[in-house]
Amino acid sequence: MIIIMHPHVTDEEIHGVETKLKSLGLEANISRGVERTIIGAIGDERKIHKESLQALPGVDNVMRVVKPYKIVAREWHEADTVIDIQGIPIGGHTIQVIGGPCSVETQSQMDFAAQGVANAGCRLMRGGAFKPRTSPYSFQGKGLEGLKIFHQAADKYKLPIVTELMDVRRLDEFLEYGVDVIQIGTRNMQNFDLLKEVGKIHTPVILKRGLCATLSEWLMSAEYIAAGGNHNIILCERGVRSFEKAYRNMLDITAIPVLKKETHLPVIVDPSHAVGKAALVPALSKAAIAAGADGLLIEMHPTPCEAWCDADQALTPDELKKLMEELRGIAQVMGREI
Ligand SMILES: [Mn+2]
């Protein structure tokens, strides 16, 4: 059961609902979003009479949500959620492409990358300062210095920055350095402590799908963030592990329309990490838009063959620009724009 409160609810009204639930032997999970406060009733729901809660001050609606994920479920929120990132909407009519290198390397590399991203018509930029690498001997990222370099490059073109948070102890620094979108990577999709912490802030979060995660597990992870009060969640399909060796991962295109049915959250696709080869990125990007994705996360490097990380899958600035032009055609067919 979820209790959706009025937009301008008072603390007293929230407390009233909490008290009522407690008197019925249930616990209340209070999720204070920017726009809405949603109270989840935890416990034996059979004791609750919907009407008695509905009548409480401040209550907008009471719903029984059958799904294990509630706040992120389409069941209670029919309309698509549109997330605002420094004035750039994700999840609405316009498809957003987030471009940039795998990792932050040097100031000039990031300057050229930002120029390429802006020139291609992308409105957000990606780049990793803290890198989750399979081998401990691989390059681990530039760390906080990388965030500074990233901002300096992206600010020139007013591109909000997207970067991965791996360690909960870095969250304050991420906020201090003005990270616009926090990415939770595939390996951390079920790092519940991390999810709970990003649930306490309101910075938008891109939650990537785990390597072997089912859609239900993924949505439960999103629910962890939402339950804490952060409703600004963007799901990112990035390929799942399969038996196939010809490419890096298998992009689950089917996940896009299924997620669109299950959740009101925006769904974006990362074709670069899915396929792992630059030449195949355009085909997957087009397929993703055609299947209903709200955006793409694409790796682009000023000189891919010199990239310190994921060199095989990065597009050149020219290739990104060409792809953006092709994607505009697909978006138009879909009744959308880029
Ligand atoms: Mn990468």
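Everything quoted here is computed from the prediction, not taken from an experiment. (Residues numbered from 1 in each chain as written. Predicted model: local features only at pLDDT ≥ 70, side-chain atom pairs only at ≥ 80, totals over all residues. Heavy atoms only, no water.)

Q: Explain the packing of aromatic side chains here, please?
A: Any two aromatic rings considered together are summarised by their centre-to-centre distance and by the angle between their planes. Counted under the stated rule, the structure contains 3 aromatic pairs. Aromatic pair Phe-130 and Phe-174: ring centres 5.8 Å apart, planes at 35°, arrangement tilted. Of this pair, Phe-130 sits in the loop between β8 (124-126) and α4 (144-155) while Phe-174 sits in helix α5 (residues 171-176); the two residues are 44 residues apart in sequence, bridging distant segments of the chain. Where Phe-139 meets Trp-308, the ring centres are 5.0 Å apart and the plane angle is 85°; that geometry is what we call edge-to-face. Within this pair, whereas Phe-139 is found in the loop between β8 and α4, its partner Trp-308 is found in the loop between β14 (295-299) and α11 (317-333), the two being separated by 169 residues in sequence. You can call Phe-139 partly exposed: its relative accessible area is 24%. (Phe/Tyr/Trp six-rings, centres within 6.5 Å; stacked < 30°, edge-to-face > 60°. Helix = DSSP H or I, 4+ residues; strand = E, 2+ residues; numbered from the N terminus. Buried < 20%, exposed > 50% of the residue type's maximum accessible area, 1.4 Å probe, protein only.)

Q: What exactly am I supposed to notice about the domain arrangement of the protein chain here?
A: As far as domains go, the protein chain holds domain 1 (2-63) and domain 2 (83-333). Between the C-alpha centres of domain 1 and domain 2 there is a distance of 35 Å. Taken together, the contact between domain 1 and domain 2 spans 8 residues of the former and 6 residues of the latter. Carbon and sulfur atoms make up 49% of the surface buried where domain 1 meets domain 2, a total of about 430 Å² over both sides. When the buried area of domain 1 at its contact with domain 2 is split by residue, Ser-31, Arg-32 and Val-34 rank highest and sum to 59% of it. For the pair domain 1 and domain 2, the number of links is 0 salt bridges. Summed over the shared surface of domain 1 and domain 2, the result is 5 residue pairs in polar contact (both at pLDDT 80 or more). (Domains from an automatic or database assignment. Contact = heavy atoms within 4.5 Å. Buried area = accessible area lost by both parts, 1.4 Å probe. Salt bridge = Lys/Arg side-chain N within 4 Å of Asp/Glu carboxyl O. Polar contact = N/O pair within 3.5 Å; in protein donor to acceptor, adjacent residues only side chain to side chain.)

Q: Just checking my understanding: could you explain the pattern of salt bridges for this structure?
A: A side chain with one charge can pair with a side chain of the opposite charge if their charged atoms come near. Inspection of the entire model under this criterion finds 20 salt bridges. Among the ionic pairs, Asp-167 bridges to Arg-169, the shortest N-O distance being 2.7 Å. Assessed through its relative accessible area of 25%, Asp-167 is described here as partly exposed. Arg-169 gets classed as exposed once you look at its relative accessible area, which sits at 71%.

Q: How should I be thinking about the sheet that holds strand β10 (residues 181-184) in this particular structure?
A: Adjacent strands of a sheet pair through backbone hydrogen bonds, lying either parallel or antiparallel. Strand order in this closed barrel of 8 strands is β7-β8-β9-β10-β11-β12-β13-β14, and the pairing throughout is parallel. Within this sheet the neighbouring strands show an average axis-to-axis angle of 25°, counted without direction. Strand contacts of helix α10 (residues 281-290): β13 (267-269) and β14, with the helix running at about 170° to β14, the strand carrying the most contacts. (Pairing = 2+ DSSP bridges. Axes fitted to C-alpha atoms, helices over the stretch in contact; angles between N-to-C directions.)

Q: Mind showing me how you'd approach the side chain of Gln-109 here?
A: You can see Gln-109 is positioned in helix α3 (residues 107-120). The exposure class assigned to Gln-109 is buried, which follows from its relative accessible area of 6%.

Q: Before we go on, may I ask you to explain the coordination of the manganese ion in this structure?
A: Note on metal geometry: ideal angles are 109.5 degrees for four donors arranged tetrahedrally and 90 or 180 degrees for six donors arranged octahedrally. Binding of the manganese ion to the protein goes through Cys-102 (SG), His-273 (NE2), Glu-299 (OE) and Asp-310 (OD), at separations of 2.0 to 2.4 Å. Binding-site remark: the manganese ion is held by donors from one chain whose sequence spacing is C-x170-H-x25-E-x10-D. Residue Cys-102 is found in the loop between β7 (96-100) and α3, and its partner Glu-299 is found in strand β14; the two are separated by 197 residues along the sequence. Judged by relative accessible area, which is 5%, Cys-102 ranks as buried. The class of Glu-299 is buried, set by a relative accessible area of 1%. (Donors = N, O, S within 2.8 Å, 3.2 Å for Na, K, Ca; no water.)

Q: Even after reading the chapter, I still don't get the environment of Lys-322, so can you show me in this structure?
A: Among the structural elements, Lys-322 can be located in helix α11. Lys-322 sits 293 residues away from Asn-29 along the chain, and the two C-alpha atoms are 47 Å apart.

Q: Where do I start with the layout of surface pockets in this structure?
A: Leftover empty space is mapped by rolling, across the atoms, a probe with the size of a water molecule. Here the largest pocket is characterised by a volume of approximately 490 Å³. Along the wall of the largest pocket there are 29 residues; nearest its centre are Arg-187, Arg-238, Arg-248, His-273 and Asp-310. The biggest single contributor to the lining of the largest pocket is strand β9 (residues 161-164), with 3 residues. Split into classes, the residues belonging to the lining of the largest pocket amount to 5 nonpolar, 12 polar and 12 charged. (1 Å grid on protein atoms, 1.4 Å probe; cavity = no way out; pocket = protein on both sides within 12 Å on 5 of 7 lines; lining within 4 Å. Points joined across faces, edges and corners; volume = space filled by probe spheres on them. Nonpolar A, V, L, I, M, F, W, Y, C, P; charged D, E, K, R; others polar.)

Q: What exactly am I supposed to notice about helix α7 (residues 215-228) here?
A: Along an α-helix, residues three or four apart share an orientation, since each turn contains 3.6 residues. Its 14 residues give α7 an end-to-end C-alpha distance of 20 Å, which sits within 8% of 20 Å, the value for a rise of 1.5 Å per residue. Within α7, burial applies to Leu-215, Trp-218, Leu-219, Ser-221, Ala-222, Glu-223, Ile-225 and Ala-226. Where α7 is buried, its residues meet β2 (27-32), α6 (192-198), β11 (205-208), β12 (233-237) and α8 (255-262). Positive phi appears at Gly-229, one or two residues downstream of α7, with a value of about 120°. (Expected span 1.5 Å × (residues − 1).)

Q: Before we go on, may I ask you to explain the nonpolar core in this structure?
A: In a soluble, globular protein the nonpolar side chains are often hidden away together inside. If you look at the biggest cluster of nonpolar residues, it comprises 74 residues, and the most contacted ones within it are Met-125, Ile-182 and Leu-207. Per-element accounting of this core gives the leading share, 6 residues, to α7. When residues are assigned to domains, this core turns out to be shared by domain 1 (2-63) and domain 2 (83-333), each giving three or more. Once you skip the residues sitting within four places of it in the chain, Ile-182 turns out to touch Thr-163, Leu-165, Leu-171, Phe-174, Val-198, Ile-201, Thr-203, Pro-204, Val-205 and Ile-206. Ranked by size, the runner-up nonpolar core spans 15 residues in total, among them Met-5, Leu-26, Ala-28 and Leu-53. (Core = buried A, V, L, I, M, F, W, Y, C linked by side-chain atoms within 4.5 Å.)

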